[in-house]
Amino acid sequence: MTTPILKIANVQKNFGPVQALKKIDFEIYPGEVFGFIGPNGAGKSTTIRVLLGIIRASHGTATLFGQDVWRDSVAIHRRIAYVPGDVYLWPNLSGGEIIDLFLRLNGQTHSARTDELIQKFQLDPRKKARTYSKGNRQKVALIAAFSTDADFYIFDEPTSGLDPLNEQTFQDEVLQLKRRGKSVLLSSHILSEVEKMCDRIAIIRDGRIIETGTLAAMRHLTRTTVDVRTVQQLPELAAMAGVHGVQAHADANHVSFAVDADQLTAVMQYLSAHQLVSLTTAPPTLADLFMRYYAADGTRSVEGK
Amino acid sequence: MKQQWFQRTGLLLRVNARQNRVKLTAWLVALVMGMLVIAASFSQIYQTPAALAEIAKTLKTDAMVALFGPVATPVRQTVAAAFAMEMPVFTALILIVMNYQLAVGSAREDEDAGLLELVRAHGVGRLAPLLATALLLTGLNALIGGLLGSGLQLIDMPGATTSGNWVLALGLASTGWAFGMLSLVCAQLASSARGSLMLSYALLGGMYIGRMLTDLQNPQLTWWIPFGWVEKLGAYQAENWLPVGNYGLFGLLALGVALGLNARRDLGAGWLPPRLGRRRASVYLRGPVSLVGRLHRGSLVAWLLASLVLGGAYASVFNTIGDLAQSNPMIKQVLGTAGLAAANRVIVKNFLAILAIVLVVLAAIPALQIMLQLVSDEQKGYLHQLYATATGRWHVWASYTGWAVLTGSLVYLAGLLGMYLVGVQSMTDPLHWSTYWHIFTAYVPAMLVMIAVASLLTGWLPRWRALSWAWLAYAFFSMYLGKLIDLPRWAQRLTPFGFVDKVPVKAVNWATNVWFFGLTVLILMLAAVGYRRRDLAQ
Ligand SMILES: Nc1ncnc2c1ncn2[C@@H]1O[C@H](COP(=O)(O)OP(=O)(O)OP(=O)(O)O)[C@@H](O)[C@H]1O
Ligand SMILES: [Mg+2]
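No experiment lies behind these values; they were computed from the predicted model shown.

Regarding the site of ligand 1
Residues and elements named next belong to chain A.
- Of all residues adjacent to ligand 1, which total 13 residues, the nearest are Gly 41, Lys 44, Ser 45, Thr 46 and His 189.
- Within the side chain of Lys 44, one N or O atom sits 2.8 Å away from an oxygen atom of ligand 1.
- Take Thr 46: an N or O atom from its side chain is 2.5 Å from an oxygen atom of ligand 1.
- Protein contacts shield 62% of the accessible area of ligand 1, which totals 640 Å² for the unbound molecule.
- When residues in the shell around ligand 1 are grouped by element, the largest group, 4 residues, is from helix H1 (residues 44–51).
- Of the residues assigned to the shell around ligand 1, the class counts are 4 nonpolar, 6 polar and 3 charged.

And the structure:
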């Protein structure tokens, strides 16, 4: 495996008595789109602020491009682009001025690509930031970020104010970055977005990373839902290992249930032995995964292992 | 239907009062205590009839009339009367500043921050937030009036009367209140908190200059200027309640206008329509330095103009003030033409020594504003994305600090230039530019120390940055009024301005200047270290 672009090891952050980050570790590799999900107040934005050198980690190390995020922040920032979740802009500058300013602050210029993005996101760059809606302020930050030629892009809930059309534009642009081999850190509550774009995902809860891996690997840890009709009855099903929530339907021999991934083979053998009429299985969605990890009860996250 | 407009005013008032309780208490205590301590010390300052006669004579000079308003004739020489002649203009200015800051703070800043949108979405009447602010100010000013009046009763200065105490206390409170209502009107006209304050202060500045001119020419005309009414109270002499009534009417009228405008205005908008901006940034906007410059361009021009005009207005009365022969024709024979000119010049220079303070305090306001905006821009989230670009903290800190220093110096220079230019026209024997230049070189180093300390607060104790304002207000008090009421030397030296010798009457003390420069550099270095290592908000 290549060396990671971003390496964050055992990072903690205390705000006075509040321990916002307890133990954060993950790595992001070149060309990877990395999803960062977790409930409100879990510490996503705080982690990103540590990465940007805006706040200083109380413990642990974080490096980007092999440089320390606090000490070498300016050198690092030359190679990154960032979009915060809440974009606040100087009220008496126009959107166009702010986009150009952000580009210049990174030693770049307004290019044809910038104009293309302004077109795509349908932003009126002449309006003063005071008069922009939340979504429009977000667009200003997105346009500045996407037209920056960076190596690493950080998005913190970038689409929370965008309409579906602009959200699609955002996803297209991220996929284009991916094709060009850029790395992306995407924190989001929109799971379909994460599911569609991210290669790997970290789940954070209560200041701790509780799971990191590919979506496929995570799915492996959870249950598949199965809807099946058989010729013969299935009396032993409910008692089998790894089978949960068996529900009988009105028509004969029609049940649906959830099955743990590691018991899938055994259950399938049992079903096919009873002569299948129809079978549909649904992989767990990210939302299913989520519900399991987000649940306040900490023990449930290890249940699938 | 009407009641719907004001629904939940009471609730908002309570929330408002609770939210601002620290600020309100600080203002209340500082103002009332300050005023009463001065009142109590007045009988120490003027112990003998001779001292009273002396101050009565001083107050009658044109220079003092320009600063403190005209004196009743015949003047009653009591401690209380001296108090009532020296205090009103100065105290009214401070009270108005308080009312302005609180009024705009609660009527406009919440709105700019989008808070009001949340509030209004609940079952709250359209006009309720504004009315709640107005009621809060009314309560505060009433409290100030009541406490001042009772305090003066307790202190019972020699020559004080009950009606005199109350006309003074209520007169001052009503002045502050009426101007608070006026700033509520301004808050409806401008499209942001900053714009509202600018408009409010422009009106105050205009009235202050107007009353100075009419006081010197024909005090009767001062009745046309609302700010001038406070001089007409005549406490402990020929008492006059008319100003109190006038301010009451004026304030009610202003409140009515503000409510009317508010009802017709969109949330977050002003009466001036928003303009479109540039499609692309100008080539000059390329980094933090040009950014801070671009953001403050408008207010810098406004401050330069205001300072220039105020300086010019002061200078327009130099000739009247520096004319001893006018009041005493014999003097010319005694001193001779050359001697008279020299004596006149000394008088003007003494007057200048006070104006130097007024202008430097004025110049320090935009300087501190820019300096402290480093924190408020950070807290509003404007700097968040800036710091994610390849922009170092030192660079941003230095941009704000640099602009603060430059703005303070330029605004001061503009005020002195205004004085010089008008002085050349108005005086028969004009002062040379070098006099003004000496003032500049004497006071700017002291101002730099104050800016540096504000910078230090932004780096180490951003929550306590309002202390900068308290310090500046104290500097103004100790220098404008402190000289007159014989504030002890140590109390004058609680701010750097206290160390500046009476320039231009005395020579510039370069040893002090070198010392101040060294201190400024040292404090700024500390400030930069603090700003680089602390966590940023957002
Ligand atoms: N400056 C601060 N002082 C004290 N506590 C803080 C500060 N900043 C963040 N926190 C706390 O740290 C925790 C993590 O906050 P953070 O903003 O990182 O959450 P998040 O995962 O981004 O949530 P969301 O999904 O709502 O954006 C929260 O409990 C928050 O209250
Ligand atoms: Mg967040």
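Structure shown, so let's carry the discussion forward.
Examining the pattern of salt bridges
- If you walk through the whole model with that rule in mind, you get 20 salt bridges over all chains.
- In this structure, the salt-bridge partner of Asp 215 of chain B is Arg 211 of chain B, at a minimum N-O distance of 3.1 Å. Remark: Arg 211 of chain B and Asp 215 of chain B occur in helix H11 (residues 193–217); sequence separation between them is 4 residues, near one turn of the helix. Comparing Asp 215 of chain B with Arg 211 of chain B shows no difference in burial state: the two are buried.
- Taken together, the shared-partner salt bridges in this structure form one network comprising Arg 113, Glu 116, Lys 120 and Glu 173 of chain A.

With respect to the nonpolar core
- Judged by nonpolar contacts, the single largest core of 251 residues is most densely connected at Phe 155 of chain A together with Phe 227 and Tyr 412 of chain B.
- When residues in this core are grouped by element, the largest group, 19 residues, is from helix H16 (residues 330–379) of chain B.
- One finds Val 226, Val 255, Phe 257 and Val 267 of chain A within the second-largest nonpolar core, a separate group that totals 12 residues.

Points about the interface of chain A and chain B
- With 40 residues of chain A in contact, the opposing surface of chain B contributes 42 residues.
- Interface area for chain A against chain B, summed over the two sides, is near 3,700 Å², with a carbon-plus-sulfur share of 57%.
- For chain A, the biggest contributors to the area lost against chain B are Trp 90, Arg 104 and Arg 126 of chain A; these three give 20% of the whole.
- If you look at where chain A meets chain B, you find 3 salt bridges.
- Residues Asp 535 of chain B and Lys 13 of chain A are paired through a salt bridge, measuring 2.6 Å at the closest nitrogen-oxygen approach.
- There are 17 residue pairs in polar contact (both at pLDDT 80 or more) connecting chain A and chain B.
- Elements supplying a minimum of two residues to the side of chain A that touches chain B: strand E1 (6–15), helix H2 (73–77), strand E6 (80–83) and helix H3 (95–105) of chain A.

What to know about the packing of aromatic side chains
Residue and element names in this part refer to chain B.
- Evaluated as defined, the whole model comprises 36 aromatic pairs over all chains.
- Each member of the aromatic cluster is reached from another via a ring pair, and the members are Phe 179, Tyr 208, Phe 227, Trp 229, Tyr 247, Phe 250, Tyr 314, Phe 318 and Phe 351.
- Between the NZ or CZ atom of Arg 211 and the centre of the ring of Tyr 208, over which it lies, the distance is 5.1 Å.

Observations regarding the environment of Gln 4 of chain B
Residue and element names in this part refer to chain B.
- Here Gln 4 shows up in helix H1 (residues 2–5).
- In this structure Gln 4 comes out as partly exposed when scored by relative accessible area, which is 47%.
- Sequence-distant contacts of Gln 4, that is, excluding residues within four places in its chain, are made with Gly 125 and Arg 126.

What to know about the environment of Leu 170 of chain B
All names here are of chain B.
- Structurally, the position occupied by Leu 170 is in helix H10 (residues 162–189).
- Look at Leu 170 and you get partly exposed, because its relative accessible area is 32%.
- Taking the C-alpha atoms as reference points, Leu 170 and Ile 144, separated by 26 residues in sequence, lie 8.5 Å from one another.
- Ignoring any residue separated from it by four or fewer positions in sequence, one finds Leu 170 in contact with Gly 145, Trp 241 and Val 244.

Description of empty space enclosed by the protein
- This model, assessed by the stated rule, comprises 9 cavities of 30 Å³ or more.
- The computed volume of the largest cavity comes to approximately 120 Å³.
- Forming the boundary of the largest cavity are 13 residues, of which Ala 81, Tyr 82, Phe 102 and Thr 148 of chain A together with Thr 389 of chain B lie nearest the centre.
- Looking at the lining of the largest cavity, the elements with two or more residues in it are E6, H3 and helix H5 (134–146) of chain A.
- For the lining of the largest cavity, the class distribution of residues is 9 nonpolar, 4 polar and no charged.
- Taken together, 13 residues form the lining of the second largest cavity, with His 296, Ser 299, Leu 300, Ile 370 and Thr 407 of chain B sitting closest to its centre.
- Going through the elements one at a time, helix H13 (288–315), H16 and helix H18 (393–426) of chain B are the ones with two or more residues in the lining of the second largest cavity.
- Top contributing element to the lining of the second largest cavity by residue count: H13 of chain B, with 6 residues.
- Looking at the lining of the second largest cavity residue by residue, the classes come out as 5 nonpolar, 6 polar and 2 charged.

Observations concerning unusual backbone geometry
- For the peptide bond that leads from Val 503 of chain B to Pro 504 of chain B, omega is 10°, which places it in the cis range.
- With respect to the helices, strands and loops of the structure, Pro 504 of chain B is situated in the loop between helix H21 (489–492) and helix H22 (510–533).
- A positive phi is found at Asp 206 of chain A, a non-glycine position, where the angle reads about 55°.
- Position of Asp 206 of chain A among the secondary structure elements: in the loop between strand E9 (200–205) and strand E10 (208–214).
- At Gln 275 of chain A, a position not held by glycine, the phi torsion is positive, near 60°.
- Mapped onto the secondary structure, Gln 275 of chain A falls in the loop between helix H9 (264–272) and strand E14 (276–282).
- Judged by relative accessible area, Gln 275 of chain A falls into the partly exposed class, the value being 41%.

What about the domain arrangement of chain A?
- As far as domains go, chain A holds domain 1 (6–218) and domain 2 (223–283).
- Between the C-alpha centres of domain 1 of chain A and domain 2 of chain A the distance comes to 43 Å.

Section: a nonpolar patch on the surface
- Residues Trp 460, Leu 461, Trp 464, Leu 467, Leu 526 and Val 529 of chain B make up a contiguous nonpolar surface patch of about 610 Å² in total accessible area.
- The class for Trp 460 of chain B is partly exposed, based on a relative accessible area of 40%.

Concerning the domain arrangement of chain B
All names here are of chain B.
- With domains assigned, chain B is organised as domain 1 (1–272) and domain 2 (309–538).
- When each unit is reduced to the centre of its C-alpha atoms, the spacing between domain 1 and domain 2 is 25 Å.
- Tallying the contact residues gives 20 residues for domain 1 and 19 residues for domain 2.
- Put simply, domain 1 and domain 2 have 0 salt bridges between them.
- At the junction of domain 1 and domain 2, the tally comes to 3 residue pairs in polar contact (both at pLDDT 80 or more).
- Broken down by secondary-structure element, the contributors of at least two residues to the side of domain 1 that touches domain 2 are helix H3 (21–45), helix H5 (62–68), helix H7 (88–112) and H11.
- With 6 residues, the top contributor of residues to the side of domain 1 that touches domain 2 is H5.
- Partitioned by chemical class, the residues of the side of domain 1 that touches domain 2 number 18 nonpolar, no polar and 2 charged.

Reading guide: rules and limits
Residues numbered from 1 in each chain as written. Chains lettered and ligands numbered in written order. Predicted model: local features only at pLDDT ≥ 70, side-chain atom pairs only at ≥ 80, totals over all residues. Heavy atoms only, no water. Near = heavy atom within 4 Å. Polar contact = N/O pair within 3.5 Å; in protein donor to acceptor, adjacent residues only side chain to side chain. Areas by Shrake-Rupley, 256 points an atom, 1.4 Å probe, with all protein chains shown as cover. Helix = DSSP H or I, 4+ residues; strand = E, 2+ residues; numbered from the N terminus. Nonpolar A, V, L, I, M, F, W, Y, C, P; charged D, E, K, R; others polar. Salt bridge = Lys/Arg side-chain N within 4 Å of Asp/Glu carboxyl O. Buried < 20%, exposed > 50% of the residue type's maximum accessible area, 1.4 Å probe, protein only. Core = buried A, V, L, I, M, F, W, Y, C linked by side-chain atoms within 4.5 Å. Contact = heavy atoms within 4.5 Å. Buried area = accessible area lost by both parts, 1.4 Å probe. Phe/Tyr/Trp six-rings, centres within 6.5 Å; stacked < 30°, edge-to-face > 60°. Lys NZ or Arg CZ within 6 Å of the ring centre and 35° of its normal. 1 Å grid on protein atoms, 1.4 Å probe; cavity = no way out; pocket = protein on both sides within 12 Å on 5 of 7 lines; lining within 4 Å. Points joined across faces, edges and corners; volume = space filled by probe spheres on them. Domains from an automatic or database assignment. Patch = residues over 30% accessible without salt bridge, like charges linked within 9 Å, V, L, I, M, F, W, Y side chains within 5 Å.

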